[in-house]
Amino acid sequence: MSDVKALRRLNVRSPLPENLLPLEELALNLRWSWNSPTRDLFRDMDPATWRRCEHDPVRLLGEVSGERLAELSADEGFVRRVDAARSELASYLTADMWFQERMTACRGVAYFSPEFGITGALPQYSGGLGILAGDHLKSASDLGVPIIGIGLFYRSGYFRQSLSWDGWQLEQYPVCDPEGTPVTLLRESDGTPAKVGVGLPGHRTLAARIWVAHVGRVPLLLLDSDVEENGPAEREVTDRLYGGGGEYRLQQEMLLGIGGTRALRTFCRIAGTVEPTVFHSNEGHAGFLGVERIRELIDAHHLDFASALEGVRAGTVFTTHTPVPAGIDRFPVSLIEQYFGGDNAVEVVPVPDIVALGRETYPGGDPEMFNMAVMGLRLAGRANGVSLLHGEVSREMFAGLWPGFEGDDIPITSITNGVHAPTWVAQEMADLVAATAGSVFLNDASTWERMSGVDERQLWETKRALRAQLVDEARNRLRESWIARGAAATDLDWIHGVLDPDILTIGFARRVPSYKRLTLMLRDRDRLRALLTDPDRPVQLVIAGKAHPNDDGGKRLIQELVAFADAHDVRHRIVFLPNYDMTMATTLYPGCDVWLNNPIRPLEASGTSGMKAALNGALNLSILDGWWDEWFDGMNGWAIPSADRVDDPDRRDDLEAEALYELITSTVAPLFYERDDRGLPGRWLAMVRHTLATLGPKVLATRMVREYVTRLYVPAAESSVAVRSDDFALARELAAWKGRVRGSWWAVRVDHVEADSAGDALRLGQSVAIRAYVSLGELSPDDVRVEVIAGSVDADDVLVSPAVQAMQPNEQFDGNRWRYLVDLTVEEHGAFGYTVRVVPWHRGVIDQTELGLVALPVNGMFELILR
């Protein structure tokens, strides 16, 4: 009977004494995960149990004995700490923050994401997308931004990684029981669980209950399909994060978008919370939220589909995180028609209109495929990538949605990711920051700016202590991994000599798709072996990462790396630690001196692990990709030269691996081991101080969230208010205008352009009169904007960083032909060019390119020579 599994797992715990009841409230608000006094309070209840419970307060309260609780209840000092923690939390939840100091039209934001990485105690994430979403919510809470998060509750989460004897990745899916995690069930006033439903083909309904996690001031709603109303297949929809594909994935995304919107409405009704004015889709997985909101507007305000679409677009923000089309969820159009048509059709939301939102109708697309990112962009009035470089990549990748436009005209901006410092900065480093800056506010840029004056000896001693913690943690995890692989504990004494707290430590940890190149360091194994075993300037590597369960290629990369790390001559200098997660990361990032990142450029959208390492005093060693491309300054780390213009991938990898080896050998390691007359690596520490003081303020997620608020949320809220006023008058007007413009644009053309100038060459500062003759067909000058685009030109006559200036209608001719004029002042030497374009224009458009319509001269660009 020893192998019989329990039908259900129950959590039985001792009741809390009355004066310790606030511990329940403290445990259920995830602010403890970034508030060290509260974590210390739970730790001090029972340090051994705290470690065994993996720093999870809910589990801790379930396992601390009644006797220990009685002792703590009688400890006046501990009770005072409990009361102080509760009072501090209450003040945090109600105080005016950064957002409250600004009166805006933004009443709130609904933030949809398929995963959220808040804490290891709530394992609802797989990688960077979820960690970013978690940091977004925490920083919004710290700033007082009224956000509500919406996601799914995965019973088996992502997976727990282990290794076979030969280094092959194995996956286990431990059950995440909501009854034993820091969430509460949303209930109606009569005590029954609040539920939502989403229609499926075959007269089925996918039902879900709603768990609420409190992330500081931010409620996070997590939908759970494991309810009695569902059949076995429907109950499995929220079983695994990114599990399966096809219909399974489509059902997850319908539940997230449609069910999530309904859960949001239910929560706001029950909690009495003001409904958000802005909806933010973090990647395309939640795109169907737009379809549900269109249905709501049609039902409530009797709008047609086009008018409802304008009402939705105005208040929607879409963030893309992928730089490659292969990273986007796509479904056959026939599957979308099956799920939104037939017996599951909603009459007011026609299936062809839904399909049109995501159909790949652009050049290079497949019109028989429905693309979730394309739907996200078509439904959103504002969109962004997650670094400057990724913004450029995204504009190029999605340019087909706006034919005739290119470059910065594509309406996708960028907001570079950031990280939540209170979560990721080790306590030892936080103490050093507080002592140096005189501030415990790690979210404030000014705190980090003062780190230029940090005492170098204290900095070096802090880093040495953090390195020692990582060494201890790595040895423990390595021992556990070898035992799980089948080794006998008696054969593992060698692990006591693995890693050294006084050796240059390089970290590398991330997901393991091929483009992140886990094994680039193995291109020349003899060279790597020499680096690891150098008698004077040795290097040690701590590596971690998970491959997707269905990615055998990624698993082979892990196996290759593990095989090298298992070799007797290097195993004391290189380790692979299985099951990379938030818990491991909080020791790994602080313990490293250098953070390595070597993706194929430009396939890293942003990346944030190097940011977390930097806040803990590490220097980055990275390909110029993602966030590093814009913030590397020559003193905060090193740029690995990129061979991204080399077509042969093997040759490219060889060149970049050689550059990596050379940098470590000739620059990084010598600098780390160099000592001044104080016995310190002075030049190394100068780079660390520079990194903390100059990079620290930039990588903060509070900076990121402020940018979202000021650049996207507030403008989206203002647009939403505008289109909804007077019973959606502007939304109706916009929809009718767009229909008329699209139907008439075929007749719009630039017939002729001419310029007056003094001779063949102009002088700097001279003005030139530009005249454009434009045919408008059925449109009027009020429907369009005629613009001259001018600037320097390169050897191929391409305008470089051109300026745009509006032209004014001057005279009308027969056939609705108009002359437009502008005086253009030339302000740059050399070859100077200009062209003219006509674009649709309406007071209600968010961006003049959003219709994807433009008329250009047949002759293209015109060139002048300036003296």
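No experiment lies behind these values; they were computed from the predicted model shown.

**What to know about the overall build of the protein chain**
Scanning the protein chain from terminus to terminus reveals 27 helices and 29 strands. On C-alpha atoms alone, the protein chain measures out to a radius of gyration of 29 Å, which is about the 29 Å that the 2.2 N^0.38 rule sets for 867 residues. Across the 867 residues that make up the protein chain, the buried fraction comes to 57%. In the protein chain, the proportion of contacts linking residues at least 24 apart, taken out of those at least 6 apart, comes to 72%. Total accessible area on the protein chain is roughly 34,600 Å²; 49% of this is exposed by carbon and sulfur atoms. One finds the centroid of the 88 positive side-chain charges in the protein chain at a distance of 3 Å from the centroid of its 122 negative side-chain charges.

**Concerning the sheet that holds strand β16 (residues 539-544)**
Sheet strands pair via backbone hydrogen bonds, and the direction of the pair is either parallel or antiparallel. Pairing is parallel across the open sheet formed by six strands, whose spatial order is β17-β16-β15-β18-β19-β20. The sheet terminates laterally at β17 (574-576) and β20 (637-640), the two strands that pair on one side only. Between one strand and the next, the sheet's axes are offset by a mean angle of 15°, whatever the strand orientation. Pairing analysis gives six bridges linking strand β15 (residues 504-509) to β16, with the strands arranged parallel. Pairing of Thr505 across the sheet is with Gln540, part of β16. The strands touched by helix α20 (residues 525-532) within the sheet are β16 and β17, with β16 carrying the most contacts at an inclination of about 115°.

**As for the nonpolar core**
Trp448, Trp638 and Trp684 are the most contacted members of the largest nonpolar core, which has 103 residues in total. Per element, the largest residue contribution to this core is eleven residues, and it comes from helix α25 (residues 649-673). Formed by 96 residues, the second largest nonpolar core is a distinct cluster that contains Met254, Ile258, Cys268 and Val312.

**A few points about helix α11 (residues 305-313)**
For α11, the buried fraction is high: eight of the nine residues fall into the buried class. What α11 keeps buried is the set Phe305, Ser307, Ala308, Leu309, Glu310, Gly311, Val312 and Arg313.

**Some points on unusual backbone geometry**
Of the consecutive residues Arg601 and Pro602, the connecting peptide bond is found in the cis state with omega at 5°. With respect to the helices, strands and loops of the structure, Pro602 is situated in the loop between β18 (594-597) and α23 (609-615). Even without glycine at this site, Arg517 takes up a positive phi of about 55°. Residue position: Arg517 is located in the loop between β15 and α20. One non-glycine residue, Asn816, lies in positive phi territory at about 55°. In this fold, Asn816 is placed in the loop between β26 (808-813) and β27 (817-825).

**Concerning the packing of helix α19 (residues 456-485) against helix α22 (residues 582-591)**
Following both chains from N to C, one finds α19 and α22 inclined at 135°, their axes separated by 7 Å at the closest point. One finds that α19 runs oblique with respect to α22. Our pair here, α19 against α22, has a crossing hand that is left-handed. For the pair formed by α19 and α22, the contact residues are Lys463, Leu466, Arg467, Gln469, Leu470, Glu473 and Arg477 on the first element and Thr583, Met584, Thr587, Leu588, Pro590 and Gly591 on the second. Grouping the constituent residues of the contact of α19 with α22 by class yields five nonpolar, four polar and four charged.

**Quick notes on the packing of helix α2 (residues 36-45) against helix α6 (residues 76-94)**
Taken N-terminus to C-terminus, the directions of α2 and α6 make an angle of 150°; their axes are 10 Å apart at the nearest point. As far as their axial angle goes, α6 and α2 are roughly antiparallel. In this structure, the crossing between α2 and α6 has a hand that is left-handed. Side by side, α2 and α6 meet where Asp40, Leu41, Asp44 and Met45 of the first sit next to Phe78, Arg81, Val82 and Ala85 of the second. Of the residues in the contact of α2 with α6, the class split is five nonpolar, no polar and three charged.

**What to know about the layout of surface pockets**
Of the pockets and cavities examined, the second largest pocket occupies roughly 810 Å³. Where the lining of the second largest pocket is concerned, the elements lending two or more residues are α11, α13 (351-358), α14 (372-379), β13 (382-385) and α27 (701-744). Counting residues per element, the lining of the second largest pocket draws most heavily on α27, at six residues. In the lining of the second largest pocket, the residues fall into 18 nonpolar, six polar and ten charged.

**Description of the sheet that holds strand β21 (residues 749-756)**
What the four strands build is an open sheet, ordered β21-β23-β27-β26; its pairing is antiparallel. Each edge of the sheet is formed by a strand with only one pairing partner; in this case those strands are β21 and β26. The sheet shows a mean angle of 25° between the axes of neighbouring strands, direction not considered. One ladder, built from nine bridges, connects strand β23 (residues 767-775) with β27; its direction is antiparallel. Across the sheet, residue Val774 finds its bridge partner in β27, namely Trp818.

**Quick notes on empty space enclosed by the protein**
Scanning all chains against the criterion turns up seven cavities of 30 Å³ or more. The calculated volume of the largest cavity comes to roughly 100 Å³. Along its surface, the largest cavity is lined by 13 residues, and Leu478, Trp482, Ala565, Asp566 and Phe576 are the ones closest to its centre. Of all the secondary-structure elements, those providing two or more residues to the lining of the largest cavity are α19, α21 (552-566) and β17.

**Digging into the pairing of strand β25 (residues 799-806)**
With six bridges joining them, strand β24 (residues 784-793) and β25 adopt antiparallel strand pairing. Looking at β25, one finds that Ala790 is bridged to Ala803. Counting the residues in the hairpin turn of β24 and β25 gives five residues, including Asp797, whose phi is positive at 65°.

**Quick look at α2**
All buried positions along α2 are accounted for by Thr38, Leu41, Phe42 and Met45. Mapping the buried residues of α2 onto a view down its axis gives an arc of 90°, with all of them on the same face.

**A word on the packing of aromatic side chains**
A complete count under the given rule lists 21 aromatic pairs for this structure. Ring centres 5.1 Å apart and planes at 75° place the aromatic pair Tyr589 and Trp595 in the edge-to-face group. In this pair, the class of Tyr589 matches that of Trp595, namely buried. Taking 6.1 Å as the distance between ring centres and 45° as the angle between the ring planes, the aromatic pair formed by Tyr773 and Phe813 counts as tilted.

**Considerations on the side chain of Asn816**
Relative accessible area serves as the criterion here: at 17%, Asn816 is assigned to the buried category. A polar side-chain atom of Asn816 sits 3.2 Å from a polar atom in the side chain of Gln812. Discounting residues that sit within four places of it in the chain, Asn816 has contacts with Val774, Ser775, Leu776, Gly777 and Leu779.

**Focus: the pattern of salt bridges**
Tallied over the full model, the rule gives 63 salt bridges. When the shortest N-O distance is used, the salt bridge between Arg269 and Glu188 registers 3.0 Å. Placement of Arg269 in helix α9 (residues 247-271) and of Glu188 in the loop between β5 (184-185) and β6 (195-200) is noted, with a sequence separation of 81 residues between them. Residue classification places Glu188 among the partly exposed residues on the basis of a relative accessible area of 22%.

The rules we used
- Residues numbered from 1 in each chain as written.
- Predicted model: local features only at pLDDT ≥ 70, side-chain atom pairs only at ≥ 80, totals over all residues.
- Heavy atoms only, no water.
- Helix = DSSP H or I, 4+ residues; strand = E, 2+ residues; numbered from the N terminus.
- Rg over C-alpha atoms; globule rule 2.2 N^0.38 Å.
- Buried < 20%, exposed > 50% of the residue type's maximum accessible area, 1.4 Å probe, protein only.
- Contact = heavy atoms within 4.5 Å.
- Areas by Shrake-Rupley, 256 points an atom, 1.4 Å probe, with all protein chains shown as cover.
- Lys, Arg positive; Asp, Glu negative; His and termini not counted.
- Charge placed at Lys NZ, Arg CZ, Asp CG, Glu CD.
- Pairing = 2+ DSSP bridges.
- Axes fitted to C-alpha atoms, helices over the stretch in contact; angles between N-to-C directions.
- Core = buried A, V, L, I, M, F, W, Y, C linked by side-chain atoms within 4.5 Å.
- Parallel < 35°, antiparallel > 145°, perpendicular 65-115°, else oblique.
- Left-handed = near helix turned anticlockwise from the far one by under 90°.
- Nonpolar A, V, L, I, M, F, W, Y, C, P; charged D, E, K, R; others polar.
- 1 Å grid on protein atoms, 1.4 Å probe; cavity = no way out; pocket = protein on both sides within 12 Å on 5 of 7 lines; lining within 4 Å.
- Points joined across faces, edges and corners; volume = space filled by probe spheres on them.
- Arc of directions from axis to C-beta.
- Phe/Tyr/Trp six-rings, centres within 6.5 Å; stacked < 30°, edge-to-face > 60°.
- Polar contact = N/O pair within 3.5 Å; in protein donor to acceptor, adjacent residues only side chain to side chain.
- Salt bridge = Lys/Arg side-chain N within 4 Å of Asp/Glu carboxyl O.

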